[in-house]
Each structure stands twice: as C-alpha cells, then as structure tokens.
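The lines below spell out each chain.
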4 protein chains.
Amino acid sequence: MIKVGIIGATGYTGVELLRLLAPRKDVELKVVTSREMQGKAVSSHFPNLRGHVDLEFSAPDTNDLEACDFVFYATPHTVAMNTAAELLEKGVRVIDLSADFRIKDVALWEKWYKTPHTSPELVEMAVYGLPEVNREAIRDAQLIAVPGCYPTAVQLGMLPLLENGLVDSTRLIADAKSGVSGAGRKAVEDYLLCEATESIRAYGVAGHRHHPEICQGLANAAGEKVGLTFIPHLTPMVRGILATLYAPVRTGISVTIEQLQSIFDDRYAKEPFVDVLAQGELPATRDVKGSNKCTISVTYSAETDTVVVLAAEDNLVKGASGQAIQNLNIMCGIDETSGLETIALLP
Amino acid sequence: MIKVGIIGATGYTGVELLRLLAPRKDVELKVVTSREMQGKAVSSHFPNLRGHVDLEFSAPDTNDLEACDFVFYATPHTVAMNTAAELLEKGVRVIDLSADFRIKDVALWEKWYKTPHTSPELVEMAVYGLPEVNREAIRDAQLIAVPGCYPTAVQLGMLPLLENGLVDSTRLIADAKSGVSGAGRKAVEDYLLCEATESIRAYGVAGHRHHPEICQGLANAAGEKVGLTFIPHLTPMVRGILATLYAPVRTGISVTIEQLQSIFDDRYAKEPFVDVLAQGELPATRDVKGSNKCTISVTYSAETDTVVVLAAEDNLVKGASGQAIQNLNIMCGIDETSGLETIALLP
Amino acid sequence: MIKVGIIGATGYTGVELLRLLAPRKDVELKVVTSREMQGKAVSSHFPNLRGHVDLEFSAPDTNDLEACDFVFYATPHTVAMNTAAELLEKGVRVIDLSADFRIKDVALWEKWYKTPHTSPELVEMAVYGLPEVNREAIRDAQLIAVPGCYPTAVQLGMLPLLENGLVDSTRLIADAKSGVSGAGRKAVEDYLLCEATESIRAYGVAGHRHHPEICQGLANAAGEKVGLTFIPHLTPMVRGILATLYAPVRTGISVTIEQLQSIFDDRYAKEPFVDVLAQGELPATRDVKGSNKCTISVTYSAETDTVVVLAAEDNLVKGASGQAIQNLNIMCGIDETSGLETIALLP
Amino acid sequence: MIKVGIIGATGYTGVELLRLLAPRKDVELKVVTSREMQGKAVSSHFPNLRGHVDLEFSAPDTNDLEACDFVFYATPHTVAMNTAAELLEKGVRVIDLSADFRIKDVALWEKWYKTPHTSPELVEMAVYGLPEVNREAIRDAQLIAVPGCYPTAVQLGMLPLLENGLVDSTRLIADAKSGVSGAGRKAVEDYLLCEATESIRAYGVAGHRHHPEICQGLANAAGEKVGLTFIPHLTPMVRGILATLYAPVRTGISVTIEQLQSIFDDRYAKEPFVDVLAQGELPATRDVKGSNKCTISVTYSAETDTVVVLAAEDNLVKGASGQAIQNLNIMCGIDETSGLETIALLP
C-alpha cells in the first residue's frame with residue numbers, strides 16, 4: 001500500500017490529485033493538509049468527493065506527513081522550498097507541483113519569482129518530472145519538480161523538432177491558449193465568470209514565469225540555447241491548453257510532411273500518454289478533458305518554410321496532477337498508467 | 001465476461017455508454033452499430049475513446065447482436081419497438097434508452113409520440129428501470145425501459161413525499177433546468193453554441209413527452225392520479241439537470257423540516273446513487289458531472305406551506321447511460337456500482 | 001442639459017449607467033466617484049468606454065455632487081442611507097440603485113439587511129421606482145428606490161394576476177434564474193468562471209433579501225398580504241433573469257388562456273418596456289440582452305389549475321441601470337425611452 | 001433618406017446589419033429578402049428586433065431592390081456574383097459582405113471557392129472595403145467587397161509593419177482565434193453548443209479561404225509578395241476575433257518598442273475605429289463586443305527579434321456588418337461613424 005499525503009489540497013490541482021488517487025486500491029490517502037480549512041471535511045470543500053474521500057483537512061503536521069511514503073505539494077510557490085527538506089531527510093519522497101524546483105539556474109528562478117531561493121541544494125537534487133524525457137532519473141528520484149502546464153505542452157510539441165536539429169532554435173514561437181483553471185482557485189476579479197467568459201485575450205506578454213522553464217527544457221533537447229517568443233492567452237473555458245507552435249526550418253535543411261510525421265510517430269511510439277494524430281487530424285482540448293493525454297499533430301507550411309505543431313492537454317491532468325501521479329507510478333516501479341486510464345468526458 | 005452490444009451509438013448517450021463500459025474488465029464490447037457510420041472507427045467519431053475502444057461501427061446485423069448477452073438501444077424512439085422482439089426471442093436481454101417501452105398506457109404513448117406502437121406486448125413485459133423503485137423486477141427482466149432524464153430527477157425528488165402521502169398530489173410543480181446535451185447530437189439550429197449559450201428559456205410549456213412518463217411514476221408512488229405542471233428549461237451548459245420541485249403540503253397535515261429530512265434520509269439510506277444532503281447544503285449540477293449520482297436536498301417554505309425539493313443529476317449518466325449500466329449490473333447480479341464509481345470532474 | 005453624477009461606479013451597474021448615459025446629448029456626466037479608484041481614468045477600468053467617457057474617478061466630494069441635478073447611487077447598501085440626505089437638502093434628486101429605500105417597513109429592512117437603518121425618514125419619502133406601477137409618483141419624486149433585479153421581473157409577471165384577483169395569493173411561487181452578473185463585480189470564489197460555469201444551482205433557499213421587496217409589491221397589487229416561495233438560481237451566463245412564476249387559480253374562479261392573454265395584453269399595452277408575447281411564443285433572456293425590455297408570456301396549466309408566467313429581462317438593464325434611467329427620464333418629463341432604445345445584442 | 005435593401009438577411013451578419021441600421025433616422029429599410037422566410041416577420045426570426053423592425057422577409061424581387069439606393073448582400077458566396085450586375089446597371093450601389101469580389105485574381109478565387117466566377121468584370125470594378133486603406137476609392141465606388149473577418153483583423157495589425165518595411169514579409173505568422181459566430185447560423189454538428197463549448201482547436205490548417213484575401217492585402221501594403229502562415233482557431237465564445245501576429249524583424253533593421261508604438265499610433269491617429277493601446281495594455285475581445293472598433297497593441301520580443309501584434313475586433317461588426325455600414329457612410333459622404341458609436345456591452 002502506497003501511503004500518500006497532500007499538502008495544500010484546497011485548489012484545483014489538489015482536487016485533481018484526490019479525484020485520481022481516491023479510487024486506487026493500491027494507494028492509501030493518509031493526510032490532506034490545509035491550514036485554513038483545518039477540521040473541515042474534504043468532501044464539504046469538494047462536493048464531488050462525497051462518498052469517495054472521508055478525510056478532514058488537517059494542519060500540516062510533520063509526524064503525519066513523515067508517516068507517508070510520498071508527499072505531494074499542491075501549494076503556491078515558496079512553500080515546498082521551505083519545508084520539503086525535513087520530509088526528505090526522513091526518507092519521504094516528495095512530488096512538488098509548484099515551481100520551486102523546476103529551474104536549475106537558481107539566479108534565474110529568483111529573478112522570475114522575485115524572492116531568494118531558500119534551498120538551492122534541493123534544486124540540484126530535484127528531477128524534472130517530464131517522463132517523456134527523464135523517465136530513468138524519475139525512477140529513483142527523492143524529489144520531483146512536476147513541470148508546469150504550459151511547459152508540458154510546449155516541450156512535448158517541440159522536442160522531436162529540436163532533438164533532430166530540424167528547426168532554427170533561435171526563432172521559436174509558442175502561442176498557447178489556456179483555460180481559466182490555470183489561474184487556480186483564487187478569488188481574483190480577472191477570473192470571475194463575468195470577466196473571463198465570452199472573451200479571449202493575451203496576457204503575460206512582457207514575460208511569463210513559464211518562459212524560463214520552457215527554454216531550459218528546449219535547450220536541453222536542442223543542445224544549445226534557444227530563443228522563444230511565448231504568448232499565453234486566457235481562453236473562456238475551464239480546462240485545457242492548446243499550444244500552437246511555430247518553428248522555422250533550419251537553413252539548409254528541407255523537410256517533408258511525411259518525415260515530420262514519422263519523426264513524431266517514432267519519438268512517442270512507446271509513450272502511453274502522448275498521442276500523435278495522423279495527418280489531417282487535429283487536436284481539440286475537449287478530447288483530453290479529464291484525461292492524462294497530450295495529443296499532438298504536426299504540419300508544415302511550405303509558404304513560410306515553417307513547421308506548425310499543435311499540442312493539446314488538460315492543464316490540470318497531464319499539465320499538473322495527472323503528470324504528478326505518472327511520476328508517482330514510475331517512482332513506485334508499477335504500471336505507469338495506474339489510475340490514469342480515465343477516458344475524457346465528452347461532451 | 002458479459003458480452004455487450006450497442007445499437008445506434010453515435011450520439012451522446014452512446015459515447016457515455018462506451019466511456020463507462022470500455023474500462024470494465026468484466027464486460028466485452030462485441031458490437032457497436034450505426035448504419036451511417038458503418039466501417040468507421042468508433043474512436044474517430046469520438047476522439048476521447050482513442051486507445052480505449054478499438055471497434056468499428058458496423059451495420060446492425062442480427063447475428064452479431066444475438067451473440068451478445070445484453071444489447072443497449074441508444075437510438076431515437078421507434079427503433080427498439082420495431083427490432084427488439086427478435087433479439088429477445090433469442091434470449092438477448094435488452095436495455096432500451098429510448099422512450100419506446102416507458103409508458104404502460106400504449107394509447108397515451110401513441111398520443112405523445114404521434115405514431116402507432118408496433119409492440120404493445122413488449123411494453124407489457126418491459127420493466128421500468130428505475131432501481132430505486134423497481135430493483136427486484138429489474139433483476140430478472142428481459143427488457144428494460146431506462147427512464148428519461150427529467151423523469152429520473154423529478155421522480156427521485158418527489159417519491160418520498162408521495163409515498164408518505166405528505167403532499168397534495170393534484171398540484172405538483174416541477175421546474176426543471178437541463179443542459180443542452182439533453183437535446184442530443186443533432187444538427188439543429190436551436191442548439192448551436194451561438195443560439196443556446198448565454199441565455200435561458202423555457203420550452204415545451206404546452207406539453208413535453210416526459211410529462212406522461214413522470215406522472216405514471218408519481219401516480220404509482222402516490223397510489224392515485226397526480227396533477228403536475230412540468231416546465232423544462234434549456235440552460236446554457238452541456239451536462240446536468242436540476243429539478244426544483246414544489247409540492248403543497250396536504251390539507252390537514254403538518255410537517256417539520258426535521259421530519260422531511262429524516263423521511264428523505266431513510267428513503268435513500270441504502271441507495272448507492274442517491275445522495276441526500278444535510279440541511280443547509282444544496283445540490284449543484286457540477287458536483288455530479290460525469291457521475292451516476294442524484295443529489296437531493298429538501299426544504300420547507302412555511303410561508304406557503306410548500307415542500308421544496310432540489311434534485312441534481314448528470315442527464316447523460318444517472319439520467320441515461322449510467323442508469324442503463326446500473327440496470328445491467330443488477331440484471332447480472334453483480335455489484336450495482338460496478339464501473340459507476342467515477343468521481344465527478346470538478347472544476 | 002441634465003447634469004448627472006454617479007457614486008460608486010466601479011461595478012456592473014455602474015458601467016451600465018455609463019454605457020447608457022455616455023451617448024446622450026441631453027445628459028452631461030459631471031462626476032463619477034470611487035474612493036479606491038480615485039484619479040484613475042474611468043475608461044481604463046472599463047475599456048469598453050475608451051473614447052466615450054473621458055472622466056476620471058474622483059473621491060466623493062459633496063460640492064461636485066451638489067452641482068448635479070441627479071445623482072445615482074451604484075453602491076452597496078448602507079451608503080445611500082448615510083449620505084443621500086445631504087444631497088437631497090441641496091435639491092439634488094437622488095436615484096438609488098441599492099436596497100436602502102426599497103422596503104417601507106423599516107424593521108423588516110433591518111431584519112434582512114442586519115443593520116439599523118439610519119434614515120427612516122428618507123424611506124418614507126422615497127418612491128419605489130417601478131414605472132409600470134408608480135409612474136405618476138416618480139414624476140415629482142426627489143428620491144427613487146430603484147427596484148431590485150428579481151423584484152422587477154417577478155412583479156411585472158405577477159401584477160396582472162394579482163390586480164385582477166385571479167389567483168390564490170397565499171401560494172405564489174417564483175422560480176427565478178439569474179446570470180452571474182447579479183452577484184456584482186466582487187472577487188468572491190463562488191463567482192469565478194471555474195466555479196460558476198457549466199452548472200446550475202439554487203441559492204438563498206432559506207431566505208433572500210429580495211423576498212420582502214417582492215412581497216411588498218405583490219401585496220400592494222393584491223390589496224392583501226401574499227405568501228410567496230421564492231427560489232433564485234445561479235445560472236451559468238453573464239446577463240439575464242428568467243422568472244418562472246406559478247400561481248394557483250383562486251378557488252371559485254375559472255380562467256381561460258384567452259382571458260389571461262388579454263389581461264396581460266391590456267395591462268401592458270402602453271408600457272414601452274414590457275413586451276407581452278403572443279400565445280405560443282416564449283421569452284429567452286438572450287432576446288433582451290443589453291436592452292431595457294421585460295418580455296412576458298402567460299400560459300395556463302389546466303392539469304393543476306395553475307397560471308404559469310414567464311418573464312425575462314436583462315438584470316443589469318431593466319433590472320437595474322436601465323430602469324434607473326427610465327426613472328430619470330420620467331423625472332425630467334422627457335420621453336421615457338430616451339437613451340433606452342438599444343436593441344439587444346443577438347447572438 | 002438613404003433607401004436600403006438587404007438580401008439574405010437571415011444569418012448573423014444580417015441581424016447585425018438590422019441592429020445597426022434600424023435605429024437610424026437617416027436610413028430607410030425598404031426591403032429584407034429571404035427566399036425561405038418569405039412572408040415571415042423579420043422580428044419573429046430575430047426576436048431582439050421586436051418593436052424595432054416591422055418588415056417581413058420578402059422574396060428577392062428586382063423591382064423592390066432597384067428602388068433602393070444601396071443593397072447589402074448578406075448571402076453565402078456565389079449569390080452576389082450572379083445577381084449584382086442587374087442592380088448595378090440600375091444605379092443601385094452594392095455592398096457585398098460575401099467573398100465574391102474580394103480577390104482580384106479571379107483564377108485564385110476560383111481555386112479557393114471551387115467554382116467558376118461568373119462576373120470577373122465586377123471583380124475588377126469592386127473596391128475592397130477596408131476604409132483604413134481604401135477610403136478614397138470607397139467614396140465613389142458602385143460595388144464594395146467588404147473584407148472578411150479574419151482579413152480585417154490581420155491586415156489592420158500587420159499594415160504598419162509592412163508599409164514601413166520593418167519586417168521580413170516572407171515569414172509572417174497569424175495565429176487567429178475566432179468566436180463561433182464566424183461559422184454563421186448553420187445547423188452543423190461542429191457548432192452545436194455541446195461540440196464547441198469548453199474547448200479550443202485549430203482548423204483549416206491545410207488552407208483557409210481567408211488566406212489569399214489576407215495575402216493580397218498584405219502584399220499591397222508591402223509592395224511585394226508575402227509569405228504567411230495563417231492558423232485560425234475555433235474559440236468557445238460567440239463573438240470576437242483576436243489575431244496574434246508574429247513578424248520577424250527584417251535583417252539589417254533594428255527596432256525599438258518606442259518606434260513601433262509611434263508607428264502604430266501615427267498610422268491610426270485619425271482612424272475612428274482603430275484604437276491603438278498604450279504600451280502595457282492588451283486588447284481583449286470583450287472590450288469591443290458589439291462595437292465597430294479594432295483594438296491593437298504592439299510589442300517586441302527581443303529574444304527572437306520578432307514583432308508581436310495583437311488585434312481584437314467583433315467579427316460580426318468591424319469584421320462584417322459594422323464595416324459594411326462604415327462603407328455605406330463613406331459612400332454617402334456623411335459622418336463615417338454614423339450609427340456605429342455603439343459602446344461595447346461589458347460584461
């Protein structure tokens with residue numbers, strides 16, 4: 001029985017962890033913490049869990065957490081970096097859904113997150129939990145930095161191009177569209193239904209925290225520094241990210257659509273959660289709603305000699321909690337798809 | 001292994017049957033028919049099923065269907081009444097999601113569905129598949145008429161009041177709000193996003209086909225003819241029905257809210273899919289999205305001496321395909337909740 | 001030139017007042033106040049007003065406001081009751097969109113709003129600004145209490161029945177569905193897109209502040225105390241209220257649908273903003289989005305001897321700011337429809 | 001009095017023309033044609049027009065139409081090219097909202113629209129009705145080809161860059177997001193609420209009919225052939241287009257954000273319907289919903305040496321019917337903003 005705790009499970013990634021973990025017969029939910037909800041039934045905060053989760057929220061207590069094999073952080077950034085060390089010392093393996101350990105360059109992290117990093121040594125030991133890249137390292141990791149939602153979609157869409165040196169990595173473009181749940185369950189005016197529905201807009205144009213994380217992953221794949229224009233858009237829906245990626249073909253190289261298709265097919269042939277579509281099929285976020293899949297199509301625009309990749313995921317599943325559990329499964333040495341076979345809810 | 005076929009699985013109840021049946025290890029999907037989609041992969045019509053359902057749609061073929069233990073009809077009305085007899089003769093048990101066998105009074109059915117009924121003898125043998133009322137009869141039934149979406153919510157909300165003779169059954173009101181998926185996957189102007197979103201309206205005010213079905217069930221519970229005003233409303237969302245039910249307390253009777261609460265608590269104490277909320281809690285359709293639950297709260301308006309009941313369900317699950325599978329489970333003598341433990345997707 | 005000020009114009013009723021007043025050639029917007037937005041351009045808070053409103057928000061300043069002929073309060077309750085007296089003394093006519101002066105029974109107001117009323121004498125002088133009832137009194141009023149959004153729809157739908165003594169006024173039911181903008185522009189978790197979209201739920205079942213206001217108006221129409229069950233529902237859309245009203249026919253009276261239709265037709269024949277639909281037509285909130293109309297249909301359910309009325313309005317226009325301006329027009333003795341001819345935006 | 005007729009006014013561009021024209025005191029709506037709705041009141045098809053438009057749809061009749069000064073075509077493509085000549089001969093000035101006369105290269109048009117063009121001579125005489133480019137030619141035009149919705153947003157966003165030779169016109173990217181109303185009021189499965197809501201997807205990736213129209217306009221501005229990757233996306237909302245435009249800076253040129261800002265400011269300084277935002281402000285489609293504005297912001301990504309432009313419009317107004325009326329105003333020599341001052345509906 002895998003004993004699991006969740007810190008800070010009152011937001012959307014929290015309820016997704018619970019939805020995916022609660023039905024599992026091989027997982028025991030030991031403790032779900034929330035300072036402000038302490039003593040309240042988890043199922044009264046998340047009515048969808050009535051009859052499925054009997055726990056109450058408890059105050060974060062080291063003893064309870066230390067009794068777990070795995071602890072998930074579903075907290076805002078800076079929480080994990082301040083408290084994970086203690087758990088790790090006791091042998092608890094930590095899966096952090098926040099940004100605290102994602103960026104290896106601590107100075108860069110500090111610039112974007114505008115606060116000193118209190119545990120640079122944990123950054124070093126942390127494994128970036130993108131199974132399609134780091135599966136072996138994840139297996140024995142003590143500390144996982146679960147990738148961000150945008151970085152997951154953008155990297156999965158770009159990797160085959162960069163790994164094969166097909167595109168000019170200095171002029172990459174990621175035009176990404178996210179549902180509003182990406183902003184979390186925060187009482188902020190901008191995300192009120194009346195503000196966010198029936199409208200689309202770009203945001204973070206001057207700079208978004210996922211930019212350095214994406215570039216780090218792309219640079220690793222390319223074996224060189226990359227240049228990326230990343231424009232996220234707030235889309236009037238709850239779940240889903242669609243990343244539309246534009247990459248100019250590298251000078252001196254010529255590509256055909258057949259080549260591109262087979263490069264993508266091959267790259268992800270054995271990946272349980274990356275689904276490369278046939279030519280002519282295009283991903284829609286609805287097709288992966290509630291599922292851990294990332295669906296990808298690749299196409300080529302001859303007119304501008306540019307490769308166009310479309311990658312769709314559910315930002316709360318493959319972009320967060322589902323991927324976290326995929327990491328858990330790998331770390332446990334069990335079937336990577338355990339508890340993640342949920343079929344998307346359509347319509 | 002339970003061998004299952006689905007006739008006409010190209011609409012929303014079809015994809016829900018497939019979503020719920022595909023993961024089951026005790027169910028074998030043998031055949032999925034559709035005349036117009038014949039030869040096309042089920043998963044190309046329903047991309048959420050990619051990797052989960054490998055079948056192609058086939059033309060309805062008696063031999064294939066006869067090899068099944070159970071056949072679901074997810075067809076428009078009149079299909080089942082014209083073809084089910086043949087299957088039943090071969091010992092196939094039939095679960096019909098259409099309206100063909102729901103109304104025992106054949107003349108009444110003919111009036112509302114505006115066509116002669118071709119199999120009155122099947123109407124007689126059919127069991128109305130509302131487990132909370134007919135569980136025993138369902139067990140051995142050869143032919144199930146799965147209740148309609150509105151009738152399920154309205155009956156579950158009204159039954160405890162009528163069975164206990166608490167309310168004046170001649171002046172019942174059901175103000176019901178349904179998501180647009182209740183209209184099915186039909187290319188009809190009224191259900192275009194641009195027509196149906198950001199608006200609410202009543203429809204079928206002059207008469208709705210679910211009216212006689214509801215009244216039949218309520219009359220059975222009351223032991224007398226009932227009078228019902230039923231006003232359905234098209235609500236700008238995909239899934240969900242919320243029925244707001246108003247029942248005047250019977251003259252000479254006095255009720256307290258505590259009594260009402262305990263009557264509802266008791267009535268559904270053992271029901272796995274009816275969830276009676278505590279006083280002060282109210283159902284929302286989002287809390288049951290994708291799940292087979294019907295959530296109910298009861299309250300009392302002293303000012304008008306009226307009981308108000310709120311009942312929420314997912315019209316495609318407890319209101320259709322989930323309930324159909326609940327019937328299947330009962331008919332198989334297995335755990336009634338098999339394959340129906342899905343937690344609602346929230347947000 | 002009508003000189004106008006608006007107090008507290010940072011919410012949805014504020015922006016609606018501005019949208020409707022800005023294009024008018026006979027109205028001069030003198031001052032728009034907001035303590036927290038002081039010094040900020042109105043059009044940077046409401047980008048739809050760019051190029052239409054050049055004012056900045058200013059701190060509430062008595063001198064500025066006293067220079068106005070009319071001052072609108074678009075504030076939370078308790079603001080107007082504490083500050084309107086001063087303006088009224090200087091001869092400014094006040095149109096209050098909050099609830100401060102709507103309920104004549106001060107004790108009842110204090111019970112529902114849970115605070116002592118500081119200006120009972122203003123309650124007495126205030127005219128309830130429902131033109132279809134109080135047009136003459138509005139003409140010379142110094143202080144208008146603009147009706148609430150639900151009360152407008154419910155009263156307009158019920159009045160013809162009660163004024164004619166057709167229905168049993170002790171058992172009235174108002175099942176009302178409102179868009180989320182009714183909750184205002186407040187950063188509250190419940191109204192986040194991710195919480196409020198794709199779901200419908202009742203709220204305020206134990207008691208809603210609009211209940212006493214509605215009952216006051218209905219009792220005036222009926223000439224007797226009324227009993228009302230009022231169940232509001234949060235509907236996943238921005239604008240619109242649909243009130244579905246159920247009224248049992250009074251014992252000893254018999255009605256026909258033709259009678260009902262002609263009673264409604266006659267009652268509202270001269271009303272510019274109440275649109276009674278022909279038999280068979282039903283209102284939808286989308287048909288009045290952005291317009292000052294209330295659209296009504298009446299029907300009769302013989303089975304339960306109940307009249308069913310449907311009334312649709314835009315809660316921010318006829319249910320708030322449009323109605324406020326309709327009052328302004330009447331008070332100015334100009335065409336009641338001035339600036340209110342906007343055609344609903346469809347789709 | 002400007003006498004106006006509308007051919008085929010049963011869709012969304014039709015109702016927008018009517019919404020914008022009906023209130024005008026200088027315009028007389030003479031005839032609104034629709035073969036299939038003949039004899040039906042316009043306001044029963046479009047309930048928002050009740051009380052505003054008293055006409056019935058009539059069959060297209062040359063005499064009625066010839067009595068008009070201006071005739072709008074709000075028809076599918078191929079209607080105008082087959083019937084406009086007759087009207088033009090009689091001196092009626094024609095404003096065509098369809099694609100029939102937009103593309104000067106008739107062979108190119110025939111390739112994309114897959115039918116022979118029956119009036120190449122009209123293509124030649126037609127003026128492309130983008131006032132920001134062709135105002136003078138529009139003034140005396142007999143026949144206007146109103147630009148498509150995507151082409152309007154993309155051209156307005158790209159023009160200042162191309163006219164000034166700042167960017168490499170061989171590698172332009174337009175990532176455009178459109179509301180569902182862009183698909184028109186057609187009973188097609190893909191645009192059902194249940195299919196199109198809560199999801200975003202690209203479409204037309206292999207080629208979209210607006211591509212050649214956009215390229216024609218961009219080439220005119222650049223004075224050279226352009227290369228464009230154009231990826232439209234179906235966005236879960238009714239109205240609005242947001243075009244996110246990426247243009248690499250031309251080799252050998254260096255730009256600053258201040259330069260870019262002033263180039264855009266200058267280009268559109270006198271344009272009544274193009275609103276260039278200050279640095280740091282970003283357009284959202286909700287801010288222009290129902291209005292004739294196109295809102296633009298420009299920014300620069302140093303990392304990839306790419307200019308990023310965001311352009312938002314209401315696809316049914318500035319992207320169709322509003323622009324058509326802007327053309328009408330110019331052709332009449334009256335104030336270009338007549339009847340187009342509508343403030344966007346927010347929220």
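### A word on the overall build of chain A
Check the secondary structure of chain A and you find 12 helices and 14 strands. Against the 2.2 N^0.38 benchmark of 20 Å for 347 residues, chain A shows a C-alpha radius of gyration of 20 Å, consistent with a compact globule. The C-alpha extent of chain A, read off along each of the three principal axes, is 60 × 45 × 40 Å. Taken over 347 residues, chain A has a buried fraction of 60%. Intrachain contacts of chain A at a sequence separation of at least 6 include 70% that bridge at least 24 residues.

### What about the relation of the copies chain D and chain A?
Overlaying chain D on chain A yields an RMSD of 0.0 Å, the required transformation being a rotation through 180° with an accompanying axial translation of 0.0 Å. Each copy turns onto its partner about a two-fold axis. Taking the C-alpha atom as reference, chain D places D:Pro236 closest to the rotation axis, 3.1 Å from it. Of the residues that chain D buries at the interface, 100% are likewise interface residues in chain A, meaning the two copies contact each other through the same surface.

### Description of the sheet that holds strand β6 (residues 127-128) of chain D
Residues and elements named next belong to chain D. One open sheet accounts for 7 strands, arranged β3-β2-β1-β4-β5-β7-β6; its pairing is parallel. Bordering the open sheet on either side are β3 (57-58) and β6, each of which pairs with just one other strand. Across 4 bridges, strand β4 (residues 70-73) lies against strand β5 (residues 93-96) in parallel orientation. Residue pairing for β5: Tyr-73 is matched across the bridge by Asp-96. Here helix α4 (residues 79-89) sits on the sheet in contact with β4, β5 and β7 (143-145), set at roughly 165° to β5.

### Observations regarding the packing of helix α8 (residues 149-163) of chain C against helix α12 (residues 317-332) of chain C
Residue and element names in this part refer to chain C. It is the contact of α8 with α12, at a shortest axis distance of 8 Å, that shows an interaxial angle of 100°. As summarised for this structure, α8 and α12 are arranged roughly perpendicular, according to the angle between their axes. Residues Cys-149, Thr-152 and Ala-153 of α8 lie in contact with α12, whose contacting residues are Lys-318, Gly-319, Ala-320 and Gln-323. Residue classes in the contact of α8 with α12 are distributed as 3 nonpolar, 3 polar and 1 charged.

### Overview of the relation of the copies chain B and chain C
Each of the two chain copies can be generated from the other by rotation about an axis followed by a shift along it. With an axial shift of 0.0 Å and an RMSD of 0.0 Å, the rotation relating chain B to chain C amounts to 180°. A share of 100% of interface residues in chain B that are also interface residues in chain C marks the association as one of identical surfaces.

### Comments concerning the environment of A:Ala243
All names here are of chain A. Summarising the element assignment, Ala-243 is placed in strand β11 (residues 241-248). Given 30 C-beta atoms within 10 Å, Ala-243 falls into the buried group. Along the sequence, Ala-243 and Thr-152 sit 91 residues apart, while their C-alpha atoms lie 9.8 Å from each other. Excluding residues within four positions of it along the chain, Ala-243 makes contact with Ala-153, Val-154, Gly-157, Ala-174, Ala-176 and Ala-311.

### Thoughts on the interface of chain D and chain A
The partner chain A presents 40 residues to the 40 residues of chain D that form the contact. Looking at the side of chain D that touches chain A, the elements with two or more residues in it are β8 (172-178), α9 (193-196), β9 (201-202), β10 (228-234), β11 (241-248), β13 (294-301) and β14 (306-313) of chain D. By residue number, the principal contributor to the side of chain D that touches chain A is β11(D), which donates 4 residues. Its residues placed into classes, the side of chain D that touches chain A shows 20 nonpolar, 12 polar and 8 charged.

### Comments concerning the sheet that holds strand β12 (residues 274-276) of chain C
Residue and element names in this part refer to chain C. Read from one edge of the open sheet, 7 strands run β9-β10-β8-β11-β14-β13-β12, paired in mixed fashion. Both edges of this open sheet fall to β9 (201-202) and β12, since each of them pairs with a single strand only. Where strand β11 (residues 241-248) meets strand β14 (residues 306-313), 8 bridges bridge the pair, whose relative direction is antiparallel. Among the inter-strand pairings, Thr-244 is bridged to a residue of β14, identified as Leu-310. Lying over the sheet, helix α10 (residues 210-222) contacts β8 (172-178) and β10 (228-234), oriented at roughly 135° with respect to β10. Of the strands in this sheet, β12, β13 (294-301) and β14 are in contact with helix α11 (residues 257-267), which crosses β13 at around 160°.

### Overview of helix α1 (residues 12-21) of chain D
Given 3.6 residues per turn, any residue in an α-helix points the same way as the ones three and four places further on. All names here are of chain D. Most of α1 is tucked away: 10 of the 10 residues are buried. Those residues of α1 lying buried are Tyr-12, Thr-13, Gly-14, Val-15, Glu-16, Leu-17, Leu-18, Arg-19, Leu-20 and Leu-21. On its buried side, α1 packs onto β1 (2-7), β2 (27-33), α2 (42-45), β4 and α12 (317-332).

### Thoughts on the domain arrangement of chain A
All names here are of chain A. Each assigned domain of chain A is listed here: domain 1 (2-125) and domain 2 (150-315). Just the C-alpha atoms count here: the centres of domain 1 and domain 2 sit 27 Å apart. With 9 residues of domain 1 at the interface, the matching set in domain 2 holds 7 residues. If one sorts the elements of the side of domain 1 that touches domain 2 by residue count, helix α5 (residues 106-113) sits on top with 3 residues.

### A look at the interface of chain B and chain C
Contact residues are listed per partner, giving 40 residues for chain B and 40 residues for chain C. If you list the elements that add at least two residues to the side of chain B that touches chain C, you get β8 (172-178), α9 (193-196), β9 (201-202), β10 (228-234), β11 (241-248), β13 (294-301) and β14 (306-313) of chain B. Counting residues per element, the side of chain B that touches chain C draws most heavily on β11(B), at 4 residues. A breakdown of the residues in the side of chain B that touches chain C according to their chemical character gives 20 nonpolar, 12 polar and 8 charged.

### Quick notes on the pairing of β5(D)
Residue and element names in this part refer to chain D. Of the crossover connections in this fold, the one passing from β4 over α4 to the parallel β5 is right-handed. Two strands pair when backbone bridges link them, and β5 and β7 are joined in this way by 3 bridges, in the parallel orientation. In the strand pairing of β7, Ile-95 is matched with Ile-144.

### Some details on unusual backbone geometry
Residues and elements named next belong to chain B. Residue Pro-347 follows Leu-346 across a cis peptide bond; omega there is 0°. Within the secondary structure, Pro-347 is located in the segment after α12 (317-332). Of note in the backbone geometry, Asp-305 takes a positive phi value of approximately 50° without being a glycine. Here Asp-305 is to be found in the loop between β13 and β14.

### Description of the environment of C:Gln279
Residues and elements named next belong to chain C. Mapped onto the elements, Gln-279 comes out in the loop between β12 and β13. When the C-alpha positions of Gln-279 and Ala-221 are compared, they lie 24 Å apart, and in sequence the two are 58 residues distant. What Gln-279 contacts, discounting residues up to four positions off in sequence, is Ile-257 and Gln-261.

### Examining the pairing of β8(B)
Residue and element names in this part refer to chain B. Summarising burial for β8: 7 of the 7 residues are buried, a large majority. Burial along β8 is two-sided: Leu-172, Ala-174, Ala-176 and Ser-178 and Ile-173, Asp-175 and Lys-177, pointing in opposite directions, are all buried. Two strands pair when backbone bridges link them, and β8 and β10 are joined in this way by 7 bridges, in the parallel orientation. Directly across from Ala-176, in β10, lies its bridge partner Pro-232.

### A short note on the confidence of the model for chain A
On average, residues of chain A carry a pLDDT of 97, and 100% of them reach 70 or more. Taken over the whole predicted complex, pTM reads 0.97, whereas the ipTM for its chain interfaces reads 0.97.

### Brief notes about the environment of C:Thr83
Residues and elements named next belong to chain C. Looking at the element boundaries, Thr-83 is found in helix α4 (residues 79-89). With 20 C-beta atoms counted inside 10 Å, the residue Thr-83 sits in the buried group. Separated by 41 residues in the primary sequence, Thr-83 and Val-42 have C-alpha atoms spaced 23 Å apart.

About the criteria used
- Residues numbered from 1 in each chain as written.
- Chains lettered and ligands numbered in written order.
- Predicted model: local features only at pLDDT ≥ 70, side-chain atom pairs only at ≥ 80, totals over all residues.
- Helix = DSSP H or I, 4+ residues; strand = E, 2+ residues; numbered from the N terminus.
- Rg over C-alpha atoms; globule rule 2.2 N^0.38 Å.
- Buried ≥ 20, exposed ≤ 12 C-beta atoms within 10 Å, placed from the backbone.
- Contact = placed C-beta atoms within 7 Å.
- Least-squares fit on C-alpha atoms with pLDDT ≥ 70 in both.
- Pairing = 2+ DSSP bridges.
- Axes fitted to C-alpha atoms, helices over the stretch in contact; angles between N-to-C directions.
- Parallel < 35°, antiparallel > 145°, perpendicular 65-115°, else oblique.
- Nonpolar A, V, L, I, M, F, W, Y, C, P; charged D, E, K, R; others polar.
- Domains from an automatic or database assignment.
- Right-handed = clockwise from strand over helix to strand, strands pointing away.
- pLDDT = per-residue confidence, 0-100.

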